[in-house]
Amino acid sequence: MTTDNALTPEQILSAAEDVLRRYGPAKATVVDIARALGVSHGSVYRHFPSKAALRESVTQRWLDQAHDRLATITVERGAAVERLHRWLATLFAAKRKKALDDPELFATYMTLVGEASSTVEAHIETLVGQIASILQDGIHQGAFTPTHVGTAARAVFHATSKFHDPAHAAGWSDPKAEDDFEALWSLLLNGLRAH
């Protein structure tokens, strides 16, 4: 049992994730989350002013956890070609792991993601910005053709959507998915390379 004074937003988000996994987004309530924590629902509302704010925070936490390694790859030193490949492969692996290891929670998050469009839009802009940063490094290194990095980054993000957009999750367990990813990577790399 958690006391009201010791309750943290992180504890609430963890409990919310468990409750969402158990009941799904349509049936999970703030009262269920408070009950799981052993506190009143008012205690939850002291940290999150509404159910929508709580659900948005859960979504943001999930997106951040799924993609925390990407920021590290973005700021590393080294060959941009290798970093971009690893960044895209890491994004694919993170999404696939979430979808295949915990399909109930993944489905729940897809519902929440649909509700939290501003959170998702901001997150996508962060990801596109990370790709742009790596592309810019590649241009400076002479590995990539000089181009408008923002436009190119968005094109790379959209071109690889089969490997990170949840709409394609059903295909991520296909044994040929890795080969398809590498084939697309080769095509992208040929288009990006300085000739």
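In short, a report on the structure. (Residues numbered from 1 in each chain as written. Predicted model: local features only at pLDDT ≥ 70, side-chain atom pairs only at ≥ 80, totals over all residues. Heavy atoms only, no water.)

## Examining the overall build of the protein chain
When helices and strands are tallied, the protein chain shows 10 helices and 0 strands. Helices and strands in the protein chain line up, N terminus first, as α-α-α-α-α-α-α-α-α-α. Each of the three principal axes of the protein chain carries a C-alpha extent, and together these read 65 × 35 × 25 Å. About 10,000 Å² of surface is accessible on the protein chain, with carbon and sulfur atoms providing 56% of the total. Averaging the coordinates of the 20 positive side-chain charges in the protein chain and doing the same for the 23 negative ones gives two points 2 Å apart. (Helix = DSSP H or I, 4+ residues; strand = E, 2+ residues; numbered from the N terminus. Areas by Shrake-Rupley, 256 points an atom, 1.4 Å probe, with all protein chains shown as cover. Lys, Arg positive; Asp, Glu negative; His and termini not counted. Charge placed at Lys NZ, Arg CZ, Asp CG, Glu CD.)

## Thoughts on the nonpolar core
Counting residues in hydrophobic clusters, the biggest one holds 58 residues, and the most contacted among them are Leu54, Leu84, Trp87, Leu135 and Phe144. Contact partners of Leu84, with chain neighbours within four places excluded, come to Ile131, Ile134, Leu135, Phe144, Trp185 and Leu192. (Core = buried A, V, L, I, M, F, W, Y, C linked by side-chain atoms within 4.5 Å. Buried < 20%, exposed > 50% of the residue type's maximum accessible area, 1.4 Å probe, protein only. Contact = heavy atoms within 4.5 Å.)

## Describing the packing of helix 6 (residues 80–101) against helix 8 (residues 117–141)
Contact geometry for helix 6 and helix 8: axes closest at 8 Å, N-to-C directions at 160 degrees. Here helix 8 runs roughly antiparallel to helix 6, going by the angle between their axes. Handedness of the helix 6/helix 8 crossing: left-handed. Residue-level contacts link Ala80, Arg83, Leu84 and Trp87 of helix 6 to Leu127, Gln130, Ile131, Ile134, Leu135, Asp137, Gly138 and Gln141 of helix 8. (Axes fitted to C-alpha atoms, helices over the stretch in contact; angles between N-to-C directions. Parallel < 35°, antiparallel > 145°, perpendicular 65-115°, else oblique. Left-handed = near helix turned anticlockwise from the far one by under 90°.)

## Here's the deal with the pattern of salt bridges
According to the stated counting rule, one finds 11 salt bridges in the structure shown. A salt bridge links Glu125 to Arg154, with the nearest nitrogen and oxygen atoms 2.8 Å apart. Taken together, the residues Glu125 in helix 8 and Arg154 in helix 9 (residues 149–159) connect sequence positions 29 residues apart. Here Glu125 falls in the partly exposed class, since its relative accessible area comes to 43%. Counted as one network, the salt bridges with shared partners bring together Glu10, Glu17 and Arg61. (Salt bridge = Lys/Arg side-chain N within 4 Å of Asp/Glu carboxyl O.)

## Here's the deal with the packing of aromatic side chains
Tallied over the full model, the rule gives 4 aromatic pairs. Centroid distance Phe92 to Phe163: 5.0 Å. Interplanar angle 70 degrees. Geometry classified as edge-to-face. Within this pair, whereas Phe92 is found in helix 6, its partner Phe163 is found in the loop between helix 9 and helix 10 (177–192), the two being separated by 71 residues in sequence. You can call Phe92 buried: its relative accessible area is 2%. Given the relative accessible area of 4%, Phe163 is considered buried. (Phe/Tyr/Trp six-rings, centres within 6.5 Å; stacked < 30°, edge-to-face > 60°.)

## Side note on helix 9
Within helix 9 the residues assigned to the buried category are Val149, Ala152, Ala153, Val156 and Phe157. Buried positions in helix 9, seen along its axis, are confined to an arc of 140 degrees and lie on one side of it. Looking at the packing, one finds that the buried side of helix 9 touches helix 6, helix 8 and helix 10. (Arc of directions from axis to C-beta.)

## What about the environment of Ala122?
Within the secondary structure layout, Ala122 lies in helix 8. For Ala122, a relative accessible area of 43% corresponds to the partly exposed category. In this structure the C-alpha to C-alpha distance between Ala122 and Gln60, which are 62 residues apart in sequence, comes to 9.8 Å.

## Concerning the side chain of Thr90
Among the secondary structure elements, Thr90 is positioned in helix 6. Residues in contact with Thr90, not counting those within four places in the same chain, are Arg69, Leu70 and Ile73.

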